[in-house]
Amino acid sequence: MTPAEAQTRIAQLRAEVTRHDELYHRRAQPEISDFDYDRLKRELADLEAQFPQFATTASPTAQVGDDRAEGFQTYRHRQPMQSLDNTYSEAELREFHARLVKLLEREELAYVVEPKIDGLAVSVTYEKGRLVRAVTRGNGVEGDDITANALTIRTLPRQLRAAAGAPIPDVIEVRGEIYLTLAEFQRINDEREEAGEALYANPRNLAAGTIKQLDAAEVARRKLEIVLYGLGYCEPASALPATQADFHERVQAWGLPTVEKFWPARGVDEVWKAVQELDRLRDSFAYATDGAVVKVDPLQLQREAGSTSKAPRWAMAYKFAAQRAETRLNAITIQVGRTGVLTPVAELEPVQLAGTTVARATLHNRDEIARKDIRVGDWVQVEKAGEIIPAVIAVNLERRTPACVPYAFPEQCPVCGTKVVQLEGEVALRCPNLACPVQVRRRVQHFASKACLDIDGLGVAMVDVLVEKGWVKNLADIYRLRREDLLTLGKSVEKSTDNLLAAIATSKRAELWRVIHGLGITHVGVAAAKDLAKHFGSLEALAAARLEDFIREKKQSVIDGIGETMARAILGHFQNPVNRALIDELHALGLAPLAPAKSAPVSAVLAGKTFVLTGTLPTMTRDEAAAKIEAAGGKVSGSVSKKTSYVLAGAEAGSKLDKAKELGVPVIDEAELLRMLGG
Ligand code: IVH
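The shown structure was predicted, so the numbers you read here are calculated from the model rather than taken from an experiment.

Reading guide: rules and limits
Residues numbered from 1 in each chain as written. Predicted model: local features only at pLDDT ≥ 70, side-chain atom pairs only at ≥ 80, totals over all residues. Heavy atoms only, no water. Core = buried A, V, L, I, M, F, W, Y, C linked by side-chain atoms within 4.5 Å. Buried < 20%, exposed > 50% of the residue type's maximum accessible area, 1.4 Å probe, protein only. Helix = DSSP H or I, 4+ residues; strand = E, 2+ residues; numbered from the N terminus. Contact = heavy atoms within 4.5 Å. Salt bridge = Lys/Arg side-chain N within 4 Å of Asp/Glu carboxyl O. Pairing = 2+ DSSP bridges.

Enquirer: Tell me about the nonpolar core, and name the residues and values.
Expert: Ile455, Tyr479, Ile516, Val524, Leu532, Phe550 and Ile570 are the most contacted members of the largest nonpolar core, which has 51 residues in total. Looking at this core, the elements with two or more residues in it are helix H12 (437–448), helix H13 (460–469), helix H15 (494–507), helix H16 (512–518), helix H17 (526–536), helix H18 (539–543), helix H19 (564–575) and helix H20 (577–588). Every residue in contact with Leu532, bar those within four places of it in the chain, is listed here: Ile516, Val524, Gly537, Leu542, Phe550, Ile559, Ile562 and Ile570. Membership of the second largest hydrophobic core comes to 34 residues, among which are Leu151, Trp254, Leu256 and Ala671.

See below:
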């Protein structure tokens with residue numbers, strides 16, 4: 001390659017890597033796999049090494065990605081948060097060891113091998129044992145202050161636990177990864193699929209997207225978790241552990257969640273053995289693990305090895321390549337969901353991948369198919385990234401035959417033939433026909449399911465029968481079912497029929513949120529349904545709501561956690577005369593859902609409680625805290641008395657705190673308040 005050619009290629013690669021950095025770090029919506037990204041970056045680094053005249057500190061190879069987002073305060077890290085060098089090759093792992101042996105002038109080196117957690121890097125600071133701050137990596141030098149969101153993580157202690165032999169330093173910054181369990185990832189994606197929203201490709205993107213939400217209540221709905229694996233700033237320095245293994249023991253003793261398992265290893269052969277064992281075990285971990293991190297164990301040697309501008313010399317990530325296979329795409333089928341969303345599914349020639357047989361993979365939506373130009377008959381690469389949902393990554397164009405023509409996404413619903421529509425701001429195409437038999441079936445199944453009206457005896461199969469018979473054409477028909485019709489369904493069905501009718505009758509007095517959830521309004525899941533029930537108190541009030549009942553000026557939500565997208569979906573739902581009529585019909589048939597105990601237009605979790613505020617809170621002003629307390633039905637008073645329920649104290653709290661102690665009034669901190677509000 002001539003220098004001129006190299007210069008052109010370098011410029012191309014820089015632009016491409018920068019674009020993918022932006023997609024991954026800021027938008028949490030990568031377009032290519034980690035493996036392909038790493039390959040691009042590696043090609044760039046190799047060229048820059050070969051043609052040093054073109055190297056610059058502005059190159060993405062010389063920087064860590066930037067996750068900073070709008071709407072957050074930034075915070076400058078006391079020590080930069082670096083990235084890690086990574087490799088997919090055993091030989092390079094051995095070279096890493098050889099370099100360190102030379103650099104540190106030791107024959108043998110002690111390491112620890114840890115899982116590499118595929119989440120979002122975070123730094124958490126404790127002062128005198130209390131959590132004061134959580135910050136994302138940002139650009140490595142400064143990150144976003146996400147304390148309020150981090151406080152919703154149940155397993156992250158606000159207060160470190162005292163432990164024998166592990167005194168808590170005055171200031172300690174620990175670093176780790178925020179992640180979502182695979183189960184929670186699945187749950188959220190299922191909800192999104194039902195709501196016709198784009199699915200997240202993996203838990204990492206979902207965790208990153210979640211932590212960057214501006215509304216902590218919304219964050220709390222998705223159960224984020226955290227694992228801590230590294231040390232940042234520590235004061236006094238004499239409180240530092242001697243080794244990485246010690247560090248793990250200490251953080252565990254203080255009650256912080258740490259890696260599920262780590263392996264001490266002497267020399268590179270033991271390191272390699274540990275890496276392989278980790279690869280075998282990682283499926284059983286709660287988090288997605290995309291590799292192993294190998295770290296020099298003694299902190300003294302870590303300091304001696306030091307770091308480059310970007311990454312420490314004493315650590316290396318070995319990444320497990322996602323498993324891929326090539327197979328033929330036999331057909332594309334279309335599934336119609338409860339809300340009418342058409343989801344294309346790849347029907348594959350069955351192929352072995354990461355220990356399972358893969359015969360189907362989601363193709364997400366029409367745009368995805370067009371972007372990748374996926375055609376029936378193509379040979380496609382299927383990947384199970386992070387062992388999650390199999391995805392079609394790319395087409396092998398070399399094996400494409402002229403018989404493969406571009407895929408024409410259906411313009412009609414494959415079930416009822418109605419012309420499909422695309423709603424504003426959505427990628428999905430929908431069948432707008434509310435009477436579409438698949439939709440009716442799915443809607444009724446949803447309405448009767450455990451998470452909604454929970455009607456015993458009205459399971460998936462029974463609903464199929466009732467819809468097939470034509471007895472149930474909409475939700476109200478459930479309450480019109482006739483005993484004599486049901487008795488024709490078989491011999492000796494008397495008992496089950498009576499049980500079913502009794503369960504249907506009981507459901508007329510179900511809790512209001514169950515009915516709201518059961519209506520199947522786009523975007524409205526269980527948590528939102530509960531908030532709506534509490535706020536509106538009746539179906540009629542919800543159906544009559546206007547936009548300003550949800551959204552104030554400057555797009556502020558009236559109900560915490562109900563944003564504009566959901567508000568518009570609710571309004572749209574009730575603008576449809578069919579849906580409005582359904583509410584009246586249900587009513588006429590005797591459905592009288594139970595409103596939440598206290599149907600005041602605000603939440604009432606703090607009703608009857610009086611708070612006194614003092615000192616500086618970590619993330620809110622006192623006014624903001626007072627507003628939250630009042631919105632939850634509590635009162636705020638200026639002076640502490642025996643009637644005070646709680647004193648909310650921040651930093652430099654004064655005489656009110658002393659008074660509280662004198663009178664025995666419980667003292668809480670901001671985190672505790674948020675917990676009360678969230679719980
Ligand atoms: S140590 C100074 N240990 O992977 C180096 N990082 O690809 C500090 N990561 O930036 C990192 N698991 O966000 C370390 N056990 C582990 C890790 C880990 C995941 C992340 C971390 C890092 C990134 C590099």
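Enquirer: So what's going on with the pattern of salt bridges? Which residues, and what values?
Expert: Per the counting criterion, the structure on display carries 41 salt bridges. Between Lys295 and Glu114 there is a salt bridge, with the nearest N and O atoms lying 2.8 Å from each other. Taken as a pair, Lys295 in strand S10 (residues 289–296) and Glu114 in strand S3 (residues 110–117) lie far apart in primary sequence, 181 residues in all. Glu114 carries the same exposure label as Lys295, and that label is buried. For the salt bridge of Arg282 with Asp279, the shortest nitrogen-to-oxygen distance reads 2.7 Å. Relative accessible area serves as the criterion here: at 11%, Arg282 is assigned to the buried category. Taking the relative accessible area as the measure of exposure, Asp279 reaches 35% and is therefore partly exposed. What you see here is one network of salt bridges that share partners, running through Asp36, Arg39, Arg324 and Glu383.

Enquirer: So what about the environment of Lys491? Which residues, and what values?
Expert: Within the secondary structure layout, Lys491 lies in the loop between helix H14 (483–486) and H15. On the basis of relative accessible area, Lys491 is assigned to the exposed category, the value being 80%. Along the sequence, Lys491 and Asn365 sit 126 residues apart, while their C-alpha atoms lie 45 Å from each other.

Enquirer: Tell me about the sheet that holds strand S21 (residues 646–649), and name the residues and values.
Expert: Sheet architecture is open: 4 strands sit in the order S20-S19-S21-S22, paired in parallel fashion. Both outer strands of the open sheet, strand S20 (635–637) and strand S22 (667–668), are each paired with one neighbouring strand and no more. Pairing analysis gives 3 bridges linking strand S19 (residues 610–614) to S20, with the strands arranged parallel. When the sheet's bridge partners are listed, Thr610 is paired in S20 with Lys635.

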